[in-house]
Amino acid sequence: MVDIQEKLKEIGPFVPGAEDDLLICRCEEVTKGEIRKAVHEGIFTVEEMRRYLRNGMGLCQGQTCGRLVKGIMARELKVRPAEIEPATARAPMRPIEMRILAEDGGDRE
Amino acid sequence: MKRYDLIVIGGGPAGLSAATEAAKHGLHPVVFDENARPGGQLFKQIHKFFGSKEHKAKIRGFQIGEELLEEAEKYGVEVCLNAAVIGLYPEKEVTVRIGEEVKHVKGDAVLVATGASENMVTFPGWTLPGVIGAGAAQTMMNLHHVKAGEKILMLGSGNVGLVVSFQLMQAGCEVVALVDAAKRVGGYGVHAAKVARLGVPFYLSHTIVEAEGSDCVTGVTIAQVDEKFQFIEGTKKHFDVDTICMAVGLSPMSQLLMQAGCKMEDTPGGCVPVCDASGATSVPGIYAAGDVSGIEEASSAMIEGRISGAVIAEYLGYITEEGKKARERELEEALEALRKGMFAPENRGKLLEKTEEGIDISMNLLEKGYVAEDEIERYPGVTHMAGVHPVMECTQNIPCNPCQDACAKGCISIGKNITSLPVVVPGAECIGCGMCVASCSGQAIFLVDEESEPGYGTVTLPYEFLPLPEAGEKGIALGRDGTKVCDCEVVSCKSAKAFDHTNLLTIKVPADMTMKARFYKKGAKFCQA
């Protein structure tokens, strides 16, 4: 288990960067600065980040930005991207209308 | 709940191959694909594939796709289109959205062959309309016959970036530059050489600073990067473009496997399931094949799919263990052949300095996209002799050998080792038929007559552009670097069914230019020399 306070001390304070306005998650309009800042607020896993900023929660479900978010978090945390805990994969894996999902009757035939 | 022997998720090369293999052994598989057409990326591939006969080398990707579909149909594989799988559960239950309904189905085995999606890189302006993936450009051109743009900058020098750049030029777009942050070209040298001789400049150790435009892309600035990928001051270059294509790698779409509880591994190439050689994951009965289990290419995906299909047939008791092993051995041999050579998985990211034959690799090819004049003579396929003869500018060890079978006269030899460089067989007589030129998937073979008449010679080159030049037409000959080497005249332009749309263009050039002229442009307006 990572000691959040220790890790925050280790990575130092949030320093604004030149590319902070860059959009990373296009579906939910989350910027690089917001992601970097969230790391300094103690968000260390992709799952937490999704719940915190809604990155990767839009139409493409993180298919485009997932790797980018991970890369930004890894640089901020000074670790390899593979060390960042990925988001949980859960259904529905593809965008689907609520009315169709609501009609899902399980295995009734 | 409806039950199937095998549920295949994804109807691309891996999924279709697996379902067909399983059906051959008596299973009743169903393939779910979220697209309106099956075949995955195969139907976008208009270039000839590499490999040997058993890998369907020198056949164009979309034709391989058609063969695969025919075979799947013959064995009664049920292919369900517009069917998006939205969930996969450890007990091998699949939820799939078909039309207005979510259906639950169960498979005795499930194979995930969902492929991969394109990576993106970010820079100011990357969300502007006009910044697209190379795969999207290919879909627009090759499936929908829509030009992706007029003036295009390609980011990425892997095989996707190189192949798509060539196709964009074929479609009539202008590729103004091919850019890669890496120091060396990532894809096959022959693919790079094809693009370089069209006059596309390569900018290695460069990347995009920003895309310009308010409503859409109107320009792009690139700059050189240092060892740490930081921009070097004073190296900015600007291009007027309307489109920026990104070919910066693929990531496996492995979320379904993760959801099903398969053990996953986070690699630099993306999140992939931990599986054995047959594609079996940590969850019994759930398998993975193709790009979803690690990015490769379509030829290996098809073999991986077949291996999984045979293994699943045995897992469900349709074939004996001996039967499975025999089939596995046969397929693994074919797969191993594809994973040999300079671009083998274990050589990824390594700088090889010599070929298997001990010849120095062309550094110019790796840095600028073409083999320099002072380098080309050292390769065994490049020889001089009286009369017409093949000149094979094949300089890297890649698993490919159609040229060897193409020559009825036995002029060309690769030998048993599929990755060896082709050599001209001493004493064999070239009749100038050009079958070797048309058969080379890398378009690296030329027929040269160093002196067909006093002071002049001819060069026959592979030509896949329209309109076709006509005999007697005057133009300029371009060198390997795409700049003008001399004026020339078209002697002939031959098309034949056996050439499969690779036309053989013969140009007459001054005798001292026969080893320099490698492409043709009509008129002189493209002159850059």
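The residue count restarts for each chain, going from 1 along the sequence in the order it is written. Note on labels: chains are lettered from A, ligands numbered from 1, in written order. Since the coordinates come from a predicted model, pLDDT governs what is reported: local features require at least 70, and pairs of side-chain atoms require 80 or more to be given and counted, while whole-chain, interface and lining totals use all residues.

### Describing the overall build of chain B
- Within chain B, the secondary structure is distributed over twelve helices and 28 strands.
- Just to be clear, the radius of gyration here is over C-alpha atoms, and the globule rule we use is 2.2 Å times residues to the power 0.38. Against the compact-globule benchmark of 24 Å for 529 residues, chain B has a radius of gyration of 24 Å, which places it among compact chains.
- The principal-axis extents of the C-alpha atoms in chain B amount to approximately 80 × 60 × 40 Å.
- Residue burial in chain B is summarised as follows: out of 529 residues, 53% are buried. Note on conventions: DSSP H or I runs of at least 4 residues are helices, E runs of at least 2 residues are strands, and numbering of each starts at the N terminus. Note on burial: count the other C-beta atoms lying within 10 Å of the residue's C-beta; 20 or more is buried, 12 or fewer is exposed, in between is partly exposed, and C-beta positions come from the backbone.

### Looking at the overall build of chain A
- Looking only at helices and strands, one finds five helices and two strands in chain A.
- For chain A, the spread of C-alpha atoms along the principal axes amounts to about 55 × 30 × 20 Å.
- In chain A, which comprises 109 residues, the proportion classed as buried is 28%.
- Residues are scored as being in contact if the C-beta atoms we place from backbone atoms lie within 7 Å. Restricting to contacts in chain A with at least 6 residues of sequence separation, those with at least 24 account for 52%.

### Regarding the interface of chain B and chain A
- With 26 residues of chain B in contact, the opposing surface of chain A contributes 23 residues.
- Mapped by element, the contributors of at least two residues to the side of chain B that touches chain A are strand 4 (83–89), strand 5 (93–98), strand 6 (101–112), helix 6 (255–259) and strand 17 (264–267) of chain B.
- Of the residues contributing to the side of chain B that touches chain A, the split by class is ten nonpolar, eleven polar and five charged. Throughout this entry, Asp, Glu, Lys and Arg are counted as charged residues, while Ala, Val, Leu, Ile, Met, Phe, Trp, Tyr, Cys and Pro are counted as nonpolar. The remaining residues, Gly among them, count as polar.

### Overview of the sheet that holds strand 13 (residues 219–224) of chain B
Residues and elements named next belong to chain B.
- When DSSP locates at least two bridges between a pair of strands, those strands are taken to pair. Taken in spatial order, the three strands make up an open sheet running 12-13-14, and their pairing is antiparallel. Of all strands in the sheet, those with a lone pairing partner are strand 12 (206–212) and strand 14 (237–239), marking the two edges. Averaged over neighbouring strand pairs, the angle between their axes works out to 25° when direction is ignored.
- The sheet contact formed by strand 13 and strand 14 spans three bridges and is antiparallel. Within strand 14, the position partnered with Ile 222 by the bridge is Lys 237. Axes here refer to lines fitted to C-alpha atoms; in helices the fit is confined to the stretch in contact. Angles between the N-to-C directions go from 0 to 180 degrees.

### Notes on the confidence of the model for chain B
- In the predicted model, chain B carries a mean pLDDT of 95, and the fraction of residues at 70 or more is 99%.
- Scoring of the predicted complex yields 0.95 for pTM and 0.93 for ipTM. Confidence of the predictor at the level of single residues is captured by pLDDT, which takes values from 0 to 100.

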